[in-house]
Amino acid sequence: MATEFERIKESLREAKLASFLLIPLKYDSDTFNGSWLAENAVRTPFTTMDINESIKQSINAENTTYVISRYKISKETVFKSLGLPLEELSFYACEKGSKCFDVRHYFELCDAEIYVFHTQVAFLVVKIKYSKMNLLDTICNLGSAENNVEYYYAGSDGTPVRFDFEGGLIRMCAQSNIVPFFKSGCSIFLEGYVYTTAVVEKRFEELDTMRQIVFNLHLMVDPDTLWEDEAEEDINYVYAVKNQTLATYRWGCCITSQTISYIVANSAMDIDGEMADQAENGLPVVLLALYQKYTCLRFRELLSIVDKKKLKRLKQLKRQMLDFQAFGTIAPANISRWHNIKQIYKHVLDTNSIPEAVDNISVTLSVLAEHQDAIQASRNDTIMGLITIFGIVSIPSSIISIIDIMTGGNPLNRLTTVVSLLSMVMMIIVMLLYRKKD
């Protein structure tokens, strides 16, 4: 008997595909410029019901430890920033030199979002739709050291026109003084995180069917492919609860260190509606996990370049790291009231070793404390040295004053001088005895 996967292969070929390309960014709090975002994007609060209300209220608040700013950038603004004509365009991603302008390389560029976290970390979310998974593999090329891809759009006469897709995105973010997290010169998509959604018409009867489809999406091969790879170990699966009336499942997903892939049943095949739903509900959960990873990397970077002699700056970094460790991290048990959402969040944390990175901050804080103590001790020694020098210099004049008082002063002054000297001698003796005892 044929499996469910084999029975629905034809419908899987009609699946509608979309992805969010999550690009890690960073900024300097002293040079961050929010005016471009304020003028060209819309800041929107989080309304998702997938995140607990207490967490949601905190990240929506102003001037708190949790504050996160989410800016939605319209499709027109994205096109303008990329220097593209403001009209409907067909886009193609091709390997260098191939110039293959067919359905396997076609994609539609949608709007974008920028998430700005208080820890000098940000994310650019680029939204695309396409027909074949080969397109996503061409753009992201995960697991490779370089990405040989060129981008084109079809001009008004149908002639392909090459444009700088990645460079345009970088320049768009640079208007707010936000830059790519890794300045290696490689593609910004190589270090990104890929959030993929595939929509089919009918619900699923078996978990194995969804598992095979989302595994294919993770590998960036078409959903109807029967593919296996025993070398893939960092994979976790999460599913919707089975509908007891229909005895079927609506969605399932696959989580790895660089991808999360959803298969969703939608009778209307509404990929735009599904993208909007995922952007509002699923995407924030993933980003709340990833921001912790890049915050740890950001703190390590800031500590490596800071002048260790600047005690004020070290204290500021230490305070920020303590605040993040205490208040900026969210445990899986607290993220949502839904168990499957907790599991998705936990798997993103675990596959990226984020809990270990957060715990390692304690070691960094210990090293930082030692640097502070060494700097403070050095300053104290300098001050005590100066006091000692001034004391030694003042001894001759003090002796002369004592002699003058003892030889020519009145009896009251002589008595006061003798008592003061005896008190100082007694204090010195007590201090010496106490130090010897220690």
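Enquirer: Explain the packing of helix 9 (residues 271-305) against helix 12 (residues 339-351) residue by residue, including any values.
Expert: For any two helices packed against each other, one specifies the inter-axial angle together with the distance between the axes. Between helix 9 and helix 12, whose axes approach to 9 Å, the crossing angle comes to 30°. With respect to their mutual orientation, helix 9 and helix 12 come out roughly parallel. Crossing of helix 9 against helix 12: the hand is right-handed. Across the interface between the two elements, Val-285, Val-286, Leu-288, Ala-289, Leu-290 and Gln-292 from helix 9 touch Ile-341, Tyr-345, Val-348 and Leu-349 from helix 12. For the contact of helix 9 with helix 12, a count of residues per class yields nine nonpolar, one polar and no charged.

Enquirer: Let's hear about the pattern of salt bridges: which residues, and what values?
Expert: Tallied over the entire structure, the rule returns 17 salt bridges. Residue Lys-75 is joined to Glu-88 by a salt bridge in which the shortest nitrogen-to-oxygen separation is 3.6 Å. Residue Lys-75 is located in helix 5 (residues 75-81), and its partner Glu-88 is located in the loop between helix 5 and strand 4 (91-95); the two are separated by 13 residues in the primary sequence. A relative accessible area of 64% means that Glu-88 is categorised as exposed. The residue Arg-162 makes a salt bridge to Glu-150 at a minimum N-O spacing of 3.3 Å. Linking Arg-162 in strand 8 (residues 160-163) with Glu-150 in strand 7 (residues 149-154), this pair joins segments that are twelve residues apart in sequence. Since its relative accessible area comes to 54%, Arg-162 is described here as exposed.

Enquirer: Tell me about helix 8 (residues 207-219), residues and numbers included.
Expert: When the terminal C-alpha atoms of helix 8 are compared, their 18 Å separation across 13 residues agrees well with the 18 Å that a helix rising 1.5 Å per residue should span. By the criterion of burial, helix 8 is predominantly enclosed, with ten of the 13 residues buried. Inspection of helix 8 places Thr-209, Met-210, Gln-212, Ile-213, Val-214, Phe-215, Asn-216, Leu-217, His-218 and Leu-219 among the buried residues, and these make up the whole buried set. Directly after helix 8, the chain includes Met-220, whose backbone phi takes a positive value near 65°.

How each quantity is defined
- Residues numbered from 1 in each chain as written.
- Predicted model: local features only at pLDDT ≥ 70, side-chain atom pairs only at ≥ 80, totals over all residues.
- Heavy atoms only, no water.
- Axes fitted to C-alpha atoms, helices over the stretch in contact; angles between N-to-C directions.
- Helix = DSSP H or I, 4+ residues; strand = E, 2+ residues; numbered from the N terminus.
- Parallel < 35°, antiparallel > 145°, perpendicular 65-115°, else oblique.
- Left-handed = near helix turned anticlockwise from the far one by under 90°.
- Contact = heavy atoms within 4.5 Å.
- Nonpolar A, V, L, I, M, F, W, Y, C, P; charged D, E, K, R; others polar.
- Salt bridge = Lys/Arg side-chain N within 4 Å of Asp/Glu carboxyl O.
- Buried < 20%, exposed > 50% of the residue type's maximum accessible area, 1.4 Å probe, protein only.
- Expected span 1.5 Å × (residues − 1).

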